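# An overview of the molecular structure
The residues making up each chain are set out below.
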Amino acid sequence: MVNLLEVRDLSVSLGGRWVLEGVSLSVGEGELVALIGPNGAGKTTLLRVALGLIPYQRGEVRVLGKPPAKLTPADRARIGYVPQALQFDRSMPLLVSELLRAMLGEAFARRALLQHVLQAVDAEHLLDREVRALSGGELQRVVVAAALALEPRLLLLDEPATGIDVGVRLQFYDLIEEQRKQRSIGALVVSHDLSIVSRYATRVVCIHHRLLCTGTPQEVLQVPIIEELYGHPVSVYHHEH
Amino acid sequence: MLDWFAFDFVRNALLAMVLLAVFYPLMGVYVVGQRVAYFGDAVAHSAFAGAALAAILDWQMGVVLLITAPLFALLIAWFQWRTNLPTDVLLVVVITSVSAAGIALVSLLETPLSLGALLFGDLLAIERSDLWRLLAVDCFGVAMLLWLTRPLIRIGFHRELAQAQGVPVRAVETLFLVGLALVVAVGIRAVGILPMSALLVLPAAAARAMSRSFRGMLFISAIIGWLCLILGFGLALWQPIPPGAAVALVASIVFVLTAGVAPSRKERGW
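Note that the structure is a prediction, hence the values are computed from the model and not measured.

How each quantity is defined
Residues numbered from 1 in each chain as written. Chains lettered and ligands numbered in written order. Predicted model: local features only at pLDDT ≥ 70, side-chain atom pairs only at ≥ 80, totals over all residues. Heavy atoms only, no water. Helix = DSSP H or I, 4+ residues; strand = E, 2+ residues; numbered from the N terminus. Polar contact = N/O pair within 3.5 Å; in protein donor to acceptor, adjacent residues only side chain to side chain. Contact = heavy atoms within 4.5 Å. pLDDT = per-residue confidence, 0-100. Core = buried A, V, L, I, M, F, W, Y, C linked by side-chain atoms within 4.5 Å. Buried < 20%, exposed > 50% of the residue type's maximum accessible area, 1.4 Å probe, protein only. Salt bridge = Lys/Arg side-chain N within 4 Å of Asp/Glu carboxyl O. Disulfide = S-S within 2.5 Å.

## Let's talk about the side chain of S99 of chain B
Residue and element names in this part refer to chain B. With respect to the helices and strands, S99 occurs in helix α4 (residues 87-109). Here I95 takes part through its backbone oxygen, which lies 2.6 Å from a polar atom of the side chain of S99. Setting aside residues up to four positions removed in sequence, S99 forms contacts with H45 and F48.

Here it is as structure tokens:
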């Protein structure tokens, strides 16, 4: 199995504080790795390092076989990224169709293609809507659709289903599951939704500045481990894969 | 009134107005979208220093501004990148210091340069060489926007997402700022330092409140820009008001009217 993302002994310091210390993980072809941990554990930082958005001090990071700084625009087109809680200037007039054309390029200039892109997340009715008038969940769906449209090899998703209702959330993860199995894409998903993690992840990595544990959902999503990770009493129900 | 058009200076002024109206309100849409209106203002104020330098070197001000404005834009961009100062604070510092230095130099050198012409432009003193520069900057600007529209929309929507998706954000932003500096530098001779932002920003700001789409905003901004320039120029011919100030005045009135007519954020639901 080829590793699409490989992180070894990664340490990242932001504002003089070590956010990540000696974290290692990998995402191979056909894997959906869930990254879990409490708020401020360094999950988003890890994703941002993998995308080359922030530098790291120690360790080694390889994305599609290259250090993040060496990724070309063509490489980046093969990485689908959905950031956490999209915030943008809501005063600019922009239609969803115009945003998608800007994001996806000339190959998607035709209206029918854009509708097809949105269909994947049950959002074709949003094509002619103003971006600034979308709810958080609707906007998240548009960005997720754009991330999937270019048939990426690796997905880096930072709480991608935040604000999306349960039905569409399952539909979205079903779609990733389908792409994972059919096209062997790999995905690293930051999520607090342990039910989703249990149902879809092939492997779970838990971090809290350091690597705490890694394994299958059945191995990791155990009451003592989760209680220690989040610091709260929990009960766990496992989905059968 | 038609007798006016027998004069070369009136015809030149009209041509300059057309060249300004064709492109500046369109550029304004991108300036508003990238939230760099204040940046354009800072570059416009650098004309004080540029004018002083032109007087020292005994060069045409229009030529000197074409060199100093982009250099100044790069300097601000570099400062912005190197320091943690909020953009608005940095630009206020820049505007204040560069204006003070320029005005002091212009005054000390006792040049024939009129501060009034610098502040409000001199559309009726436009020469052939100014027109050629305006035409060149219009062509360059249109080509730049055709090339950069997609990345600029992506950066305007979500800078980090654009960066993660491979848009060379810093290069695109720098190129856009240099382009903006050239546009501002060439337009100053006609409309002046103070009304420059009005011409760039007000039509686009008015259009923003009235549009649903980016394309619609471009279209409405262009129409408002034409309207402001025609009415402003007419006002300047009719009354002893500098054309730049007249255009800015009309643009401000149009902006206030459209802001009152356009649906509010609450009515739009965002």
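Having seen the model, we can carry on.
## Some details on the confidence of the model for chain B
Per-residue confidence for chain B averages 86 on the pLDDT scale, and 94% of its residues sit at or above 70. Of all the helices and strands in chain B, helix α12 (residues 265-268) of chain B carries the lowest mean pLDDT, 58, while helix α6 (residues 128-157) of chain B carries the highest, 94.

## Some details on the nonpolar core
Among the nonpolar cores identified, the biggest contains 164 residues, and L5, L156 and L188 of chain A together with Y24, M27 and F176 of chain B are the most heavily contacted of them. Here the element with the most residues in this core is helix α8 (residues 169-191) of chain B; it accounts for 14 residues. M27 of chain B has contacts with M144, L145, F176, G179, L180, V183 and L200 of chain B, leaving out every residue within four places of it along the chain. Listed in part, the 12 residues of the second largest apolar core include I224, A246, A248 and A251 of chain B.

## What to know about the pattern of salt bridges
Residues and elements named next belong to chain A. Applying the stated criterion across every chain yields a total of 20 salt bridges over all chains. Its salt-bridge partner being R8, residue E60 comes within 3.3 Å of it at the nearest N-O pair. Taken as a pair, E60 in strand β4 (residues 58-63) and R8 in strand β1 (residues 3-14) lie far apart in primary sequence, 52 residues in all. The exposure class assigned to E60 is partly exposed, which follows from its relative accessible area of 31%. According to the relative accessible area criterion, R8 is partly exposed, its value standing at 44%. Residue E138 pairs with R129 through a salt bridge whose shortest N-O separation is 3.3 Å. Looking at R129, the relative accessible area reads 29%, which means it is partly exposed. A network of salt bridges, in which partner residues are shared, links E6, R8, E60 and R62.

## Quick notes on the state of the cysteines
All names here are of chain A. According to the stated counting rule, one finds 1 disulfide over all chains in the structure shown. Residue pairing for C206: its cysteine sulfur links by disulfide to C213, the two sulfurs lying 2.0 Å apart. An S-S torsion of about -60° defines the bridge between C206 and C213 as left-handed. For the pair formed by C206 and C213, the shared burial category is buried.

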